[in-house]
Amino acid sequence: MDKKISRKVMKRALITGINGQDGSYLVELLLEKGYEVWGILKRNSVAENQTSRISNNLFKQLKLEYADMLDMSSLIRVLQLCKPDEIYNLAAQSHVRISFDQPIYTTHSIATGTLNLLESVRLISPNSKIYQASSSEMFGNNIDNDGFQRETTPMNPVSPYGCAKVYGYNLCRNYRNAYDMFIANGILFNHESPRRGSNFVTNKVVKEAVKIKLGLSNELKLGNLEASRDWGHAKDYVEAMWLMLQHDTPDDFVCSTGISHTVKDLVEYVFNKLKLDWKRYVLQDSKYYRSEELKFLKGDCSKIKNKLGWEPKYTFESMIDEMIQYWIMKYEK
């Protein structure tokens, strides 16, 4: 009898992009909180790559379905099966630099994909709460006079990725107001972890520096060393996503640390930790520059702190230290 009761009150969550960095940490958080967790997978020719970030013991607890953000019929099918209380839309072509190489696909996967999901939910499961993964890239080079970007900062994106995210952000606000749906936009600044793809600059720097330290490599090629970002830990940021859907009313929240570092700062910190002179190994390559650069990001997260009580547990340094240790252990094995 107790088991039947617990099943009735168990919340059900659906995660798009469950196989990404954020999806893997969100899986852990939601299972820990007693959720039944469903996920959407886009078919990959190497199936093992799709869930490599999710540990085997957790993988067995998930309900995974094939679907695609560009195939609305597949989204409707999953919604009918799952009947979720909460939906976390994390699916995207998420690499900003690559969005210049694949602008059409990036825009479709983010903008059209978000529209397909919203319309599917409106038709099939209008009472589901939705978290939309918005991005600090939406601000572009607009900065308030005090040096921060916040919920009220005008949006002027400088990449196909940022443009598509603005479209998705505004669609969510429109559906929220037009159809009285619970949709929260999380305007997340850069967030990293050992699970970050190694073609993203933080994990690229850490991974290659560790390889250099262990004699497995002798150079690291980067783009703009002066680009400045507000970097936090993905584990902290998925907690913020969850808090947004526990709030009484749907709203938009900036999630950040409020501290910015340049790529050069990142490089110096990592190489110093490994007792290496970064200038001997780091080269700049025009291949890694963006067609239009985003120079500076620093978020004001006072709204989410005050309204939802969110506080990041990781510092920039403790996050990078964790990433360094991960790659050392991986290569020493």
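To keep things clear, this report deals only with the structure shown in the data block. (Residues numbered from 1 in each chain as written. Predicted model: local features only at pLDDT ≥ 70, side-chain atom pairs only at ≥ 80, totals over all residues. Heavy atoms only, no water.)

## Considerations on helix H6 (residues 103–124)
For the α-helix, the turn length of 3.6 residues means that residues three or four positions removed from each other point alike. Compared with an ideal rise of 1.5 Å per residue, which puts 22 residues at 32 Å, H6 spans 30 Å between its outermost C-alpha atoms and is within 8% of the ideal. The sharpest bend along H6 comes to roughly 25°, located at Gly113. Along H6, the residues that are buried comprise Thr106, Ser109, Ile110, Ala111, Gly113, Thr114, Asn116, Leu117, Leu118, Glu119, Ser120 and Val121. Contact partners of the buried residues in H6: helix H4 (72–82), strand E4 (86–89), helix H5 (96–101), strand E5 (129–135), helix H7 (160–179) and strand E6 (183–188). (Helix = DSSP H or I, 4+ residues; strand = E, 2+ residues; numbered from the N terminus. Expected span 1.5 Å × (residues − 1). Bend = angle between axes of the 7 residues up to and from the residue. Buried < 20%, exposed > 50% of the residue type's maximum accessible area, 1.4 Å probe, protein only. Contact = heavy atoms within 4.5 Å.)

## Quick word on the pairing of E5
Counting buried residues along E5, six of its seven residues qualify, which places the element largely inside the surrounding structure. Where E4 lies against E5, four bridges are found, and the strand directions are parallel. In the strand pairing of E5, Glu86 is matched with Lys129. Each parallel crossover has a hand, and for E5 linked through H7 to E6 it is right-handed. (Pairing = 2+ DSSP bridges. Right-handed = clockwise from strand over helix to strand, strands pointing away.)

## Quick look at the pattern of salt bridges
Inspection of every chain in the model, using the stated rule, returns 19 salt bridges. Shared partners join several salt bridges into a network, and the residues in it are Asp144, Asp146, Arg150 and Asp300. (Salt bridge = Lys/Arg side-chain N within 4 Å of Asp/Glu carboxyl O.)

## Details of the nonpolar core
With 36 residues, the main nonpolar core has Ile15, Leu30, Val37, Tyr88, Tyr131 and Met244 as its most contacted residues. Going through the elements one at a time, strand E1 (12–16), helix H2 (21–32), strand E2 (36–41), E5, E6, helix H9 (234–246), strand E11 (252–255) and helix H11 (302–308) are the ones with two or more residues in this core. With nine residues, the single largest contributor to this core is H9. Ignoring sequence-local partners within four residues, the contact set of Met244 consists of Tyr131, Phe182, Ala184, Asn185, Gly186, Leu188, Phe253, Ile304 and Leu308. Residues Ala209, Val210, Leu225 and Trp231 belong to the second largest nonpolar core, which totals 28 residues. (Core = buried A, V, L, I, M, F, W, Y, C linked by side-chain atoms within 4.5 Å.)

## What about the sheet that holds E11?
Reading across the sheet, the seven strands line up as E3-E2-E1-E4-E5-E6-E11 and stay open at both edges, with parallel pairing between neighbours. Looking at which strands have only one partner, the edges of the open sheet turn out to be strand E3 (63–66) and E11. Put simply, the sheet's adjacent strands are angled 20° from each other on average, direction ignored. Across six bridges, the pairing between E5 and E6 is parallel. Residue Gln132 lies in a different strand from E6, and its bridge partner there is Asn185. Sheet strands in contact with H4 are E1, E2, E3 and E4, and its direction is about 155° off that of E3. (Axes fitted to C-alpha atoms, helices over the stretch in contact; angles between N-to-C directions.)

## Overview of the packing of helix H8 (residues 201–213) against helix H10 (residues 263–273)
Two numbers describe how H8 lies on H10: the axes approach to 10 Å, and their chain directions differ by 30°. Classed by the angle they form, the pair H8 and H10 counts as roughly parallel. Of the two elements, H8 crosses H10, and the hand of that crossing is right-handed. Residues Val201, Thr202, Val205, Val206, Ala209 and Ile212 of H8 form the contact with H10, whose participating residues are Val263, Leu266, Val267, Val270 and Phe271. Grouping the amino acids of the contact of H8 with H10 by side-chain chemistry returns ten nonpolar, one polar and no charged. (Parallel < 35°, antiparallel > 145°, perpendicular 65-115°, else oblique. Left-handed = near helix turned anticlockwise from the far one by under 90°. Nonpolar A, V, L, I, M, F, W, Y, C, P; charged D, E, K, R; others polar.)

## Overview of the layout of surface pockets
As a volume, the second largest pocket reaches approximately 210 Å³. Around the second largest pocket, the lining residues are Tyr25, Glu28, Leu29, Glu32, Lys235, Asp236, Val238, Glu239, Lys313 and Tyr314. Elements supplying a minimum of two residues to the lining of the second largest pocket: H2 and H9. Class assignment for the residues of the lining of the second largest pocket results in four nonpolar, no polar and six charged. (1 Å grid on protein atoms, 1.4 Å probe; cavity = no way out; pocket = protein on both sides within 12 Å on 5 of 7 lines; lining within 4 Å. Points joined across faces, edges and corners; volume = space filled by probe spheres on them.)

## Focus: the packing of H8 against helix H12 (residues 316–332)
Running from N to C, H8 and H12 point in directions that differ by 45°, and their axes come no closer than 9 Å. Classified by the angle between their axes, H8 and H12 sit oblique to one another. H8 and H12 meet at a crossing whose hand is right-handed. Together, Thr202, Asn203, Val206, Lys207, Val210 and Lys211 of H8 and Ile320, Met323, Ile324, Trp327, Ile328 and Tyr331 of H12 make up the contact between the two elements. Taken together, the residues that form the contact of H8 with H12 break down as eight nonpolar, two polar and two charged.

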